[in-house]
Amino acid sequence: MVSIIIFLAAILLFIGLFTNTINTAIVYEQHQGTATRCSDLLDSMLLNPGSPSSWGQSDVAPSSFGVQDPEFTEYQLSAFSLMRLAASTGDLVEYDKTSNTLYTSVTNGAGAVLLTPNAQALNYSTALQLLGINGTYGFQLSLTPDVTVTVKQADSNPPLGFSVSATGAGFPFAGASISYCLIIVTLGQTQAQYPSYKILNGTALANQQGAASIVFPTVTQPNPIYAFIAYTHLDGIVGVGYTASAPTTDPTVVPIAQDMKTDSVALANSYDLNNSGSAGYPLKYNVTFVISTQDYQLSELSLGSASSPGLVGTVTSGVSNPVPTISLPASAPGILIVTYQQSATLGGVVMMPWGMSSLAFPVNFGGDPSRQSWVATDLRQVMIGDVAYQAKLSLWSTKPIGVTGL
Amino acid sequence: MMRTVEVLMVIIILTGAFMASTYFAVLPWPRQVSPLDLGRLSLTTLETLNSGNALSEAAFDTGNATDWENLQVALSASLPPNVIYNLTVYNVNSAQGGSTLYTSQQSISNAANLGISSDAASYLVSSSNVTFNPTPQKIGETASGGGGITLYILNCSDSNGWWITGYNAQSLAGDLENLLSPYFARTVMVQTTAQLGTILNGTPLDGETLQNAVVINTCGEAVPIPTAFSGSPYSNNGYAGYCYLLGQKVNQYNWTWTSIVGWPFYYVTNTALFSNSQNSWGIYGMNMVGPPGLNAFLEGIDNQPYTSASSTTGSPGVVNLSNEAVTDCNYYGIYPSTYQTSTRALPTSILAQFHLTATTYVFNTVNGWNPGAVYRHTVTVNGKTQYQGGFYALGLARTPDIRLTALGLLCDYHPRIYSSDFNSYDTSRLAVLQLGLVGGT
């Protein structure tokens, strides 16, 4: 009798011991499967343009998901497909004067904003279905520029100056070349005049800490209205930084990518966003579109007739007042720069990236990995336009991990 | 007592089994459970470094300390801080007589060793004097069930051209073949009007795919006519009936008919059939159809009943390439003059009249005239709108610039140009980037 009791006790003890080991091994196996799937899915997203391949430049819903640039065969991503992803972060903005009324607002530093139509965005749940992982996995795709370029206005103003600091993911961007561009705005002084701008290009070299000081001796007026963009580049790794003067007007002009299919951008009076202000406040504007050339200088691209590189007009708040719209080049990533003024002394400037990489906007698409118990991640280096990004996929299982009944 | 001993022995055996299985059943390290794919990260990092050819330049200039310092900064800046690396460039030797295939040339690293686990990727770089060869996508090769479409170039030896002054149809055909054949799965030169008759009857000339083809008429305002189509009803109204048939065939086979210059279908040509007639300008082997030819063709493409009505064209004068066309000039490396003279532009009214959609404007529309555009005939089948038949008309003044013909078709189909992987004997070096992770296991 005693021996049977001892025997049963021993069996139970060993079952418990083996169960623990086996359970841990099975959980490990499941995690490893998730990690393998993570790597496969990341390649699937980055090496496939989706279907149709031009879905990023249209309003159609893709039938398969991928963000590769269809013109390339490697890890080169489409700046426009990424614009159609519903951002994980960003506020919804209501603008009732266009056919699409809800827009996702993404900002990344001073002076630049990107509002894309919510109705035309590819949302997370659709992406899960297109990837065939709905109900089994969740993910977040993050694209972060390799190089973070911080631009600040120097204190010793006037003359106008900037400090530029470039840092890589793990190292200062020492000795990098810096190509910069200053858009300096002159406000119209009469009722008939619109704001005008002048573009000053230049180059500099970063020191061993990846920093540089840039001064514009010719810009000596107090409180200038400006936008400043800096490209840092070294051996194929390119980063973009920018800043702009704070607007001295209220309301302001806000560019809105109102339709991805027609590449049209509406110029909104900020009082019309979320119906936040009164009607009847006019702002005169002057619009230009610049693209980065091969030597990282910014070059203006005509939006209208050959004789007018910029477009001018007036945007007035109020539902009954017309919305100025402009069409941007369908396949040319660049930066839309809008200068505007309320009076002869009050004005501002705002930029909108046309293509996510133009101003090195980061991308976060998908669910929230911070709430998951186990997340597998994988990394790739990718190019979006000329800008180097790090693509990170976080993947987790949405099914319970472990062994039922053990 | 004996049973107790047996039980104790069983316990000892089970304990031994558990210890043995625990000893051999080693669980993986956490990093093995969820590994970072260092091999892929390594490959993509090499690709990024070489996006501006910086890696290639450094690989072939191993004595240039500045280049390698910059490369190390770029490499360090692009990798996460917990990743350590070793980048080595090897010369690729021609392996003869047992000599080493790869010889190390230069190496940079940020760690003495790469830890207990690492992964690597290699990337072949070429020197700057290697020829670069782009590879065009074949038009239609991604279409459902299609392996690419056929390009027919009318190179009929028994036909004459009009408004192709300074050229003949055969020389234009050769130039068009050189320009466009890389973009098509098959290019077929239609050498005689009889061969044209063969494909009009639905028989391929050499096993090519007939459906969805592009047909380029190099005879300008004249269109070749097979002798078999010389009778009624094709000869009706000065052979406008034949033009009507062409429209029907374009619809039936979903062809894209291309007119390279002038007023389309203004003449029909067959040197045997019209050996005694001339086009009123002294060119024999030709018969004037006049304005009804174009109208009959459009009626045919739209499956409308044949009428003898006339067509009109306009003369808007100097016209400019559309923005889309200018953009594609750069993409395809075709650079015609951006402004041309148009004296035979088609009216925009044909869009509604014949259910056409202008899918590509090669030139900007001027006051209701289309100097050059690709039209697609729109039909609705089972509630679904689709294109059935196409027509590309360049209503420019003579002489033709076949670069515009090529540009318009490429604008419309927009095949991609793939960058080639460049390899060259004795001019390649192998860059190997090995990555590891710092920290514990």
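Each chain has its residues counted from 1, running along the sequence as written. The order in which chains are written sets their letters, starting at A; the order in which ligands are written sets their numbers, starting at 1. This being a predicted model, a pLDDT of at least 70 is required before a residue's local features are given, and a value of 80 or more before pairs of side-chain atoms are given or counted; all residues contribute to the totals for chains, interfaces and linings.

*Asks:* Can you walk me through the overall build of chain A in this structure?
*Replies:* Secondary structure assignment for chain A yields 3 helices and 23 strands. Summarising the internal contacts of chain A: among those between residues at least 6 apart in sequence, 69% fall at separations of at least 24. Under the scheme used here, helices are H or I runs from DSSP no shorter than 4 residues and strands are E runs no shorter than 2 residues, and both carry numbers assigned from the N terminus. A pair of residues counts as a contact when their C-beta atoms, built from backbone coordinates, are separated by no more than 7 Å.

*Asks:* Just to check I follow, could you spell out the interface of chain B and chain A for this structure?
*Replies:* Accessible area lost when the parts come together is the quantity often used to give the size of an interface. Contact with chain B, which involves 39 residues of that partner, is made by 42 residues of chain A. At the level of elements, α1 (2-24), α3 (38-49) and α5 (65-78) of chain B are the ones that each hand at least two residues to the side of chain B that touches chain A. Sorting elements by how many residues they give to the side of chain B that touches chain A places α1 of chain B first, with 8 residues. A class-by-class count of the residues in the side of chain B that touches chain A yields 22 nonpolar, 12 polar and 5 charged. Asp, Glu, Lys and Arg are counted as charged, while Ala, Val, Leu, Ile, Met, Phe, Trp, Tyr, Cys and Pro are counted as nonpolar; the rest, among them Gly, fall into the polar class.

*Asks:* Before we go on, may I ask you to explain unusual backbone geometry in this structure?
*Replies:* For residues besides glycine, phi is generally negative; the peptide bonds are generally trans as well. Cis geometry marks the peptide bond from Ser 232 of chain B to Pro 233 of chain B; its omega dihedral reads 5 degrees. Relative to the helices and strands, Pro 233 of chain B is located in the loop between β8 (222-224) and α8 (236-253). Arg 398 of chain B connects to Thr 399 of chain B through a cis peptide bond whose omega is 0 degrees. Of note, Asn 274 of chain A is a non-glycine position whose phi angle comes to about 55 degrees, a positive value. Tracing the backbone shows Asn 274 of chain A in the loop between β14 (264-269) and β15 (282-292). Take Asn 274 of chain A: there are 13 C-beta atoms within 10 Å of it, and that puts it in the partly exposed class. Even without glycine at this site, Asn 212 of chain B takes up a positive phi of about 70 degrees. Note that Asn 212 of chain B resides in the loop between α7 (193-200) and β7 (214-217). Think of it as a crowd count around each C-beta: if 20 or more other C-beta atoms lie within 10 Å the residue is buried, if 12 or fewer it is exposed, and in between it is partly exposed, with C-beta placed from the backbone throughout.

*Asks:* Which parts of the structure should I look at to understand the packing of α8 of chain B against helix α9 (residues 292-301) of chain B?
*Replies:* Residues and elements named next belong to chain B. Contact geometry of α8 with α9 gives a least axis separation of 6 Å together with a crossing angle of 30 degrees. Relative to α9, α8 is oriented roughly parallel. When you trace α8 past α9, the crossing you get is right-handed. Counted together, Asn 237, Gly 238, Ala 240, Gly 241, Cys 243, Tyr 244, Leu 245, Leu 246, Gly 247, Gln 248, Val 250 and Asn 251 of α8 and Pro 292, Gly 293, Ala 296, Phe 297, Leu 298, Glu 299, Gly 300 and Ile 301 of α9 form the full contact between these two elements. Considering only residue class, the contact of α8 with α9 consists of 11 nonpolar, 8 polar and 1 charged. Fitted lines through C-alpha atoms give the axes, limited to the stretch in contact for helices. The angle between two N-to-C directions lies from 0 to 180 degrees. We call two directions roughly parallel when the angle between them is under 35 degrees, roughly antiparallel when it is over 145, roughly perpendicular when it lies between 65 and 115, and oblique otherwise. Crossing handedness: left-handed means the near helix sits turned counterclockwise from the far one by under a right angle, and right-handed means the same turn made clockwise.

*Asks:* It is not clear to me how the environment of Asn 113 of chain B should be interpreted in this structure. Could you clarify?
*Replies:* Residue and element names in this part refer to chain B. Its place among the elements puts Asn 113 in the loop between β2 (102-109) and β3 (118-126). The exposed category is assigned to Asn 113, around which 10 C-beta atoms lie within 10 Å. With 28 residues separating them along the chain, Asn 113 and Tyr 85 place their C-alpha atoms 8.7 Å apart.

*Asks:* Would you take a moment to explain the nonpolar core for this structure?
*Replies:* As a rule of thumb, nonpolar side chains are buried together in soluble globular proteins. By our criterion, buried Ala, Val, Leu, Ile, Met, Phe, Trp, Tyr and Cys residues that link up through C-beta atoms within 7 Å make up a nonpolar core. Counting residues in each nonpolar core, the largest one holds 144 residues, and the members touching the most others are Tyr 226, Leu 336 and Met 351 of chain A. The element contributing the most residues to this core is strand β11 (residues 225-234) of chain A, with 8 residues. Excluding residues that lie within four positions of it along the chain, Met 351 of chain A makes contacts with Gly 111, Ala 112, Ala 227, Tyr 242, Ala 244, Ile 335, Leu 336, Ile 337 and Leu 359 of chain A. Ranked by size, the runner-up nonpolar core spans 87 residues in total, among them Cys 156, Ala 222, Tyr 242 and Phe 297 of chain B.

*Asks:* Would you mind going over the sheet that holds strand β18 (residues 325-327) of chain A with me for this structure?
*Replies:* Pairing between the strands of a sheet is mediated by backbone hydrogen bonds and can be parallel or antiparallel. All names here are of chain A. The strand order across the open sheet built from 3 strands is β13-β14-β18, with neighbouring strands paired in antiparallel fashion. The sheet is open, and its two borders are formed by β13 (253-259) and β18, each paired with just one other strand. Going across the sheet, the axis of each strand differs from the next one's by a mean of 30 degrees, ignoring polarity. Strands qualify as paired when DSSP identifies two bridges or more between them. Here β14 pairs with β18 via 3 bridges, running antiparallel. Considered in β18, the bridge of Ser 264 is made with Ser 327.

*Asks:* Help me understand helix α10 (residues 323-332) of chain B in this model?
*Replies:* Residue and element names in this part refer to chain B. Ala 325, Asp 328 and Tyr 332 are the residues of α10 that are buried. Taken end-on, α10 shows its buried residues confined to a sector of 65 degrees, consistent with a single buried face. Buried residues along α10 sit in contact with α12 (402-413). Gly 333 lies just past α10 and shows a positive phi near 70 degrees. Within this analysis, the arc is defined by the directions that extend from the helix axis to the C-beta atoms.

*Asks:* Looking at this structure, how should I read the environment of Leu 328 of chain A?
*Replies:* Residue and element names in this part refer to chain A. Its location among the elements puts Leu 328 in the loop between β18 and β19 (334-341). Remark: the alpha-carbon pair of Leu 328 and Thr 262, spanning 66 residues in sequence, is separated by 8.6 Å. Setting aside anything within four residues of it in sequence, one finds Leu 328 in contact with Asp 263, Val 265, Phe 289, Leu 336 and Trp 354.

*Asks:* It is not clear to me how the environment of Pro 217 of chain A should be interpreted in this structure. Could you clarify?
*Replies:* Relative to the assigned elements, Pro 217 of chain A resides in the loop between β10 (211-216) and β11. By the C-beta count within 10 Å, which is 9 here, Pro 217 of chain A ends up exposed.

*Asks:* Explain helix α6 (residues 169-180) of chain B here, please?
*Replies:* One turn of an α-helix holds 3.6 residues; hence residues three or four places apart share an orientation. Residue and element names in this part refer to chain B. Here the expected length of a helix is defined as 1.5 Å per residue gap, with one fewer gap than residues. Look at α6: 16 Å from first C-alpha to last across 12 residues, which is about the 16 Å you get at 1.5 Å a residue. Those residues of α6 that fall on the buried side of the exposure criterion are Ala 169, Leu 172, Ala 173, Leu 176 and Leu 180. Burial along α6 is one-sided: seen end-on, the buried residues are contained in an arc of 100 degrees. Tucked inside the fold, the buried residues of α6 contact β5 (150-154), β6 (186-190), β7 and α12.

*Asks:* Looking at this structure, how should I read the sheet that holds strand β6 (residues 148-153) of chain A?
*Replies:* All names here are of chain A. Taken in spatial order, the 3 strands make up an open sheet running β6-β7-β10, and their pairing is antiparallel. At either end of the open sheet lies a strand with only one pairing partner, and these are β6 and β10. Going across the sheet, the axis of each strand differs from the next one's by a mean of 20 degrees, ignoring polarity. Bridge analysis of β6 against strand β7 (residues 160-167) gives 6 bridges, and the strand direction is antiparallel. The residue of β7 that forms the bridge with Thr 148 is Thr 167.

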